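What follows is each chain in one-letter form.
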2 protein chains.
Amino acid sequence: MKNPDTFDRAEPGPRKANKRHVLRVALAQFDKDGIDATTIEGIRDLAETSIGSMYHHFGSKDGLLAALYFIALDDQLALIEPQIVSASDPRGAIAGLIGSYLEWVVQQPKLARFMFQARSYVAAGPHKDALAERNQRRYGTLLKRLREGVKDGVIRQMPSELYASLLVGQSENYCRAWLSSRVQGKPTDYTSIFVEAAWRSISK
Amino acid sequence: MKNPDTFDRAEPGPRKANKRHVLRVALAQFDKDGIDATTIEGIRDLAETSIGSMYHHFGSKDGLLAALYFIALDDQLALIEPQIVSASDPRGAIAGLIGSYLEWVVQQPKLARFMFQARSYVAAGPHKDALAERNQRRYGTLLKRLREGVKDGVIRQMPSELYASLLVGQSENYCRAWLSSRVQGKPTDYTSIFVEAAWRSISK
DNA sequence: AAAGTATACAGAATTATCTTCTAGAAGATT
DNA sequence: AATCTTCTAGAAGATAATTCTGTATACTTT
């Protein structure tokens, strides 16, 4: 794992050592074989733990997916949020958002790949609310910033439900492609292009 | 089904009636409960057919997913391709691409939703090649158009692996959001915004 | 420090689901 | 009409997820 502290932060304490270990093994397997082809028994075997223990911690395969998904999401948010908050103007907030997002994907390719794969599983399950709340957190502060820009006449007025797609859609699409080896160049190689494109997409 | 001829075109003939019927039922179930929660037995039951018949036609659950996926992909391409080919200039090609893509998603929300969900399953399986070929078909002609634009000085020169993301990333992201009810406005309500944003993203 | 409580670990048994297999019916081809 | 191919059928087998019951370990209270 590139950043060994992601799981330590999410599930701290010595008693959670086994839980963290299972999460790490699970992520590796999901990444290697895909979510569907990975079995609970396979994870149990590699993690050298017991079924009882796994079901104690996660309740179900879906539960394991959701746990991993939210660990990934929170790890991502921890990197992105400060960038938006600390920016001094709309353009800076956008550059911070996109820059830190691309940064995270390159730092945590396995978590990123997993998130794209698991999103539909998690969104279908009983975690919609927690997910919506996180999205709120991600774009809430940003939207305030954009409204400043609209008032100042530098950003175009449009339905607010459009901003998120216009800003991160391109970056996200490219990251997806990079994570499945359809393109070569690292997302962070093109940060300035994505920032510029996002800015042009919403500016006057 | 909004467009009842999609399956008729993909699997024509009276002998394929049952196969088509299974495909329709399967799509409805995947859409209702998600891919993972839908069982072969559930589809068999609703379609009032037999397991033997289903495995004869599709070989496996993955096979069923792949069959549906490529029917959807071809249906989409059938709408998009002519728009790119018939356009007279780069900007027209881009407008055609985005406009027809948004159009298709709104016409075929179930197929579109399914494609987003099934992509990772299909990409993991033994159909990478067929998928890559289709993508080639989708962006090959377009890239030629863009190169014209670069020569004429209206489009910025950049690594060609970037164009696809810069052009359709925003639209795709919004469609995803619309298909999972995170936003209200129909994608086609915002066609001109997405076309304009795409153009600005790659133009000089 | 002992008793009590909550948390974690263990694996056999059960249930759910996917897939294979064999057989026969319906349709096409000669 | 004989033969070949495609389609339908469902029972049996294989695989995977989940439940259940019991035990051990750590933490809390007295």
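Coordinates for the structure precede this section.
What counts and how
Residues numbered from 1 in each chain as written. Chains lettered and ligands numbered in written order. Predicted model: local features only at pLDDT ≥ 70, side-chain atom pairs only at ≥ 80, totals over all residues. Heavy atoms only, no water. Helix = DSSP H or I, 4+ residues; strand = E, 2+ residues; numbered from the N terminus. Near = heavy atom within 4 Å. Polar contact = N/O pair within 3.5 Å; in protein donor to acceptor, adjacent residues only side chain to side chain. Least-squares fit on C-alpha atoms with pLDDT ≥ 70 in both. 1 Å grid on protein atoms, 1.4 Å probe; cavity = no way out; pocket = protein on both sides within 12 Å on 5 of 7 lines; lining within 4 Å. Points joined across faces, edges and corners; volume = space filled by probe spheres on them.

Caption draft 1: Representation of unusual backbone geometry. The backbone phi angle of glutamate 48 of chain A is positive, close to 50°, even though this residue is not glycine. Note that glutamate 48 of chain A resides in the loop between helix H3 (40-47) and helix H4 (51-58).

Caption draft 2: The protein's contact with DNA strand C, seen in detail. Around DNA strand C lies a shell of 19 residues, among which Ser53, His56 and His57 of chain A together with Ile40 and Lys61 of chain B are the nearest. Of what DNA strand C places within 4 Å of the protein, 70% of the atoms are sugar or phosphate. Contact between DNA strand C and histidine 57 of chain A: a phosphate oxygen at 2.6 Å from a side-chain N or O atom of the residue. Interatomic distance of 2.8 Å between a backbone N/O atom of isoleucine 40 of chain B and a phosphate oxygen of DNA strand C. Broken down by secondary-structure element, the contributors of at least two residues to the surface near DNA strand C are H4 of chain A together with helix H3 (40-47) and helix H4 (51-58) of chain B. Here the surface near DNA strand C takes five residues from H4 of chain A, the largest share from any one element.

Caption draft 3: Summary view of the relation of the copies chain B and chain A. Between the two copies, chain B and chain A, the superposition gives an RMSD of 0.1 Å; the rotation angle is 179° and the shift along the axis is 0.0 Å. In symmetry terms, the pair is related by a two-fold rotation axis. Considering only C-alpha atoms, the residue of chain B closest to the rotation axis is glycine 169 of chain B, which sits at 2.3 Å.

Caption draft 4: Empty space enclosed by the protein, seen in detail. All names here are of chain A. Counted according to the given criterion, the structure contains nine cavities of 30 Å³ or more. Quantified by volume, the largest cavity comes out at close to 80 Å³. Lining the largest cavity are Leu73, Gln76, Tyr101, Trp104, Val105, Ala112, Met115, Phe116, Arg119, Arg138 and Glu172. Looking at the lining of the largest cavity, the elements that each hand over two or more residues are helix H5 (61-86), helix H6 (90-107) and helix H7 (109-124). Per-element tally for the lining of the largest cavity: the top contributor is H7, with four residues.

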